Amino acid sequence: MTSVLGGAARAQDMSNGADNFYTSDKVTVQKVFFKDQYQMKVGGNLIIPRTLNRHAKNAAIIVGHPMGAVKEQSATLYATKMAEQGFVTLSIDLPFWGDSDGKPRNMVAPEMYAEAFSAAVDFLGTQPFIDSNRIGVIGVCGSGSFVISAAKIDPRMKAIATVSMYDMGAVTRNGLRHGQTLEQRKQIIADAAQQRYVEFKGGETQYTGGTTHVLNSDTPAIQREFYDFYRTPRGEFTPKGSSPKLTTHPTLTSNVKFMNFYPFNDIETISPRPMLFITGEVAHSREFSEDAYRLAAEPKELVVIPGAGHVDLYDRTKLIPFNKLANFFTLHLK
């Protein structure tokens, strides 16, 4: 590991089996595209066990990536590991990100994010070797809130799991641990509204949030955690047509759309479909998994991984409970 200050070098902590770009000779990976109800293409990696019986109807799992990431970051790792357990899996890019359609790039559109998961069910459920009644979903980080939003209105998602979930609505409105004031929220909204005039008149697109590009002595611990994944070879990935300067950063004018995003409202209506919430013991995002678990109806389960932080569960294969996930889907996608 190398010390990083002022961006002079780039550290990467590969402890606990960090392996974001994991590949397996037990599966095949095929790039696929399919349309959502907006007639926009959704890009994905379809991952199939080499031993799969294509003449039978098999269970499948859709996996969504962290907010600001793409399918090559965390989602395809999870999809590959679940495919090794015998499931057909599909990691997808959210609209406006990665291989999926949508302009401007990096736009926030929570309704369209949720729609992408339903479109993935459309795609999988019409494949001859998939049982349309045995499709589950995994949402990592921000996608945890998007799969919940989707599952509330799409009963074809038979089992729902989230990992290191962020409620992207709550964190945008209130900050972590309600650390953002109402006045700060109103200022964010006002700034975004004024920026719309600039961009409507042809001005430069502005971006917000995301992961810092330079570390210094004042960089907060949470940003350091994200930096170690997104800004080092551990997890860095720049999609075609983008640049390292833009990765992870949503557009300023669209990010306020999360202010109107309330994924946990009516979460209890997902019951009796089962829900599994996985979070790290020391994850800064733990509050969101605990909130969702408290509000959800049975059957539900909250799993806290000892010693794990938020980003640890993106790629640290010795900490991620793949066996727990496999058992959950084996039981509930029978």
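Draft legend 1. Expanded view of the layout of surface pockets. The volume enclosed by the largest pocket comes to roughly 750 Å³. Residue lining of the largest pocket: 28 residues in total, with Tyr166, Met168, Val171, Gly209 and Gly210 positioned closest to the centre. Elements with a minimum of two residues in the lining of the largest pocket: helix 4 (168–174), helix 6 (221–230) and helix 7 (252–255). Per-element tally for the lining of the largest pocket: the top contributor is helix 6, with four residues.

Draft legend 2. Highlighting the environment of Phe87. Its location among the elements puts Phe87 in the loop between helix 1 (75–84) and strand 4 (88–92). In this structure, Phe87 is in contact with Ile47, Pro49, Ala59, Ile61, Met82, Ala326, Phe329, Thr330 and Leu333, ignoring residues within four places of it in sequence.

Draft legend 3. Spotlight on the side chain of Asp154. Positionally, Asp154 belongs in the loop between helix 3 (143–152) and strand 6 (157–163). Given a relative accessible area of 4%, Asp154 falls into the buried group. Those residues within four positions of Asp154 in sequence are excluded, and the remaining contacts are Ser118 and Arg273.

Draft legend 4. Seen up close, the side chain of Thr248. Of note, Thr248 is situated in the loop between helix 6 and helix 7. The class for Thr248 is buried, based on a relative accessible area of 7%. Here the side chain of Thr248 touches Thr211 through a polar contact of 2.9 Å, landing on its backbone nitrogen. The residues touching Thr248, leaving out its near neighbours within four places in the chain, are Gly68, Trp97, Gly210, Thr211, Tyr230 and Arg231.

Draft legend 5. Here's a closer look at the nonpolar core. Core analysis: the largest hydrophobic core is formed by 95 residues, its most contacted members being Tyr78, Ile138 and Phe329. In terms of residues, this core owes the most to one element, helix 2 (residues 110–125), which gives 10 residues. Ignoring anything within four residues of it in the chain, the contact list for Phe329 reads Ile61, Phe87, Gly136, Val137, Ile138, Ala159 and Ala161.

Draft legend 6. Summary view of the pairing of strand 4. Counting buried positions over the five residues of strand 4 gives five, a clear majority of the element. Burial along strand 4 is two-sided: the face carrying Val88, Leu90 and Ile92 and the face carrying Thr89 and Ser91 are both buried. Where strand 2 (residues 41–49) lies against strand 4, four bridges are found, and the strand directions are antiparallel. What sits directly across from Gly44, in strand 4, is Ile92. The pairing of strand 3 (residues 58–64) with strand 4 spans five bridges and is parallel. If you follow Ile61 over to strand 4, its bridge partner there is Thr89.

Draft legend 7. Examining the environment of Ile135 more closely. Structurally, the position occupied by Ile135 is in strand 5 (residues 130–140). Taking the C-alpha atoms as reference points, Ile135 and Arg156, 21 residues apart in sequence, are found 6.9 Å from one another. Non-local contacts of Ile135, meaning those with residues more than four positions away in its chain, are made with Ala60, Ile62, Val121, Leu124, Gly125, Ile130, Arg156, Met157, Lys158, Ala159 and Leu333.

Draft legend 8. Representation of the sheet that holds strand 2. Pairing is mixed in the open sheet, where eight strands are placed in the order 1-2-4-3-5-6-7-8. In this open sheet, the two strands that pair with only one neighbour each are strand 1 (27–35) and strand 8 (300–305). Taking the axes of each pair of neighbouring strands and ignoring which way they run, one obtains an average angle of 20° across the sheet. Two elements, strand 1 and strand 2, share nine bridges in a ladder whose sense is antiparallel. Within strand 2, the position partnered with Phe34 by the bridge is Val42. Relative to strand 6, helix 10 (residues 322–332) is tilted by about 165°, and along the sheet it contacts strand 3, strand 5, strand 6, strand 7 (275–280) and strand 8.

Draft legend 9. Seen up close, helix 2. Look at helix 2: 23 Å from first C-alpha to last across 16 residues, which is about the 22 Å you get at 1.5 Å a residue. Counting buried positions along helix 2 yields 13 of 16 residues, so the element is predominantly enclosed.

Draft legend 10. Highlighting the pattern of salt bridges. Within the structure shown, the criterion is met by 13 salt bridges. Asp99 serves as the salt-bridge partner of Lys71, at 2.5 Å between the closest nitrogen and oxygen. Of this pair, Lys71 sits in the loop between strand 3 and helix 1 while Asp99 is found in the loop between strand 4 and helix 2, placing the two residues 28 residues apart along the sequence. A salt bridge links Arg234 to Asp315; the nearest nitrogen and oxygen atoms lie 2.7 Å apart. Pair noted here: Arg234 is in the loop between helix 6 and helix 7 and Asp315 is in helix 9 (residues 312–315), with a separation of 81 residues, a long-range link. The burial state of Arg234 is the same as that of Asp315; both residues are buried. A single salt-bridge network, built from bridges that share partners, covers Lys31, Lys71, Glu72, Asp93 and Asp99.

The rules we used
- Residues numbered from 1 in each chain as written.
- Predicted model: local features only at pLDDT ≥ 70, side-chain atom pairs only at ≥ 80, totals over all residues.
- Heavy atoms only, no water.
- 1 Å grid on protein atoms, 1.4 Å probe; cavity = no way out; pocket = protein on both sides within 12 Å on 5 of 7 lines; lining within 4 Å.
- Points joined across faces, edges and corners; volume = space filled by probe spheres on them.
- Helix = DSSP H or I, 4+ residues; strand = E, 2+ residues; numbered from the N terminus.
- Contact = heavy atoms within 4.5 Å.
- Buried < 20%, exposed > 50% of the residue type's maximum accessible area, 1.4 Å probe, protein only.
- Polar contact = N/O pair within 3.5 Å; in protein donor to acceptor, adjacent residues only side chain to side chain.
- Core = buried A, V, L, I, M, F, W, Y, C linked by side-chain atoms within 4.5 Å.
- Pairing = 2+ DSSP bridges.
- Axes fitted to C-alpha atoms, helices over the stretch in contact; angles between N-to-C directions.
- Expected span 1.5 Å × (residues − 1).
- Salt bridge = Lys/Arg side-chain N within 4 Å of Asp/Glu carboxyl O.

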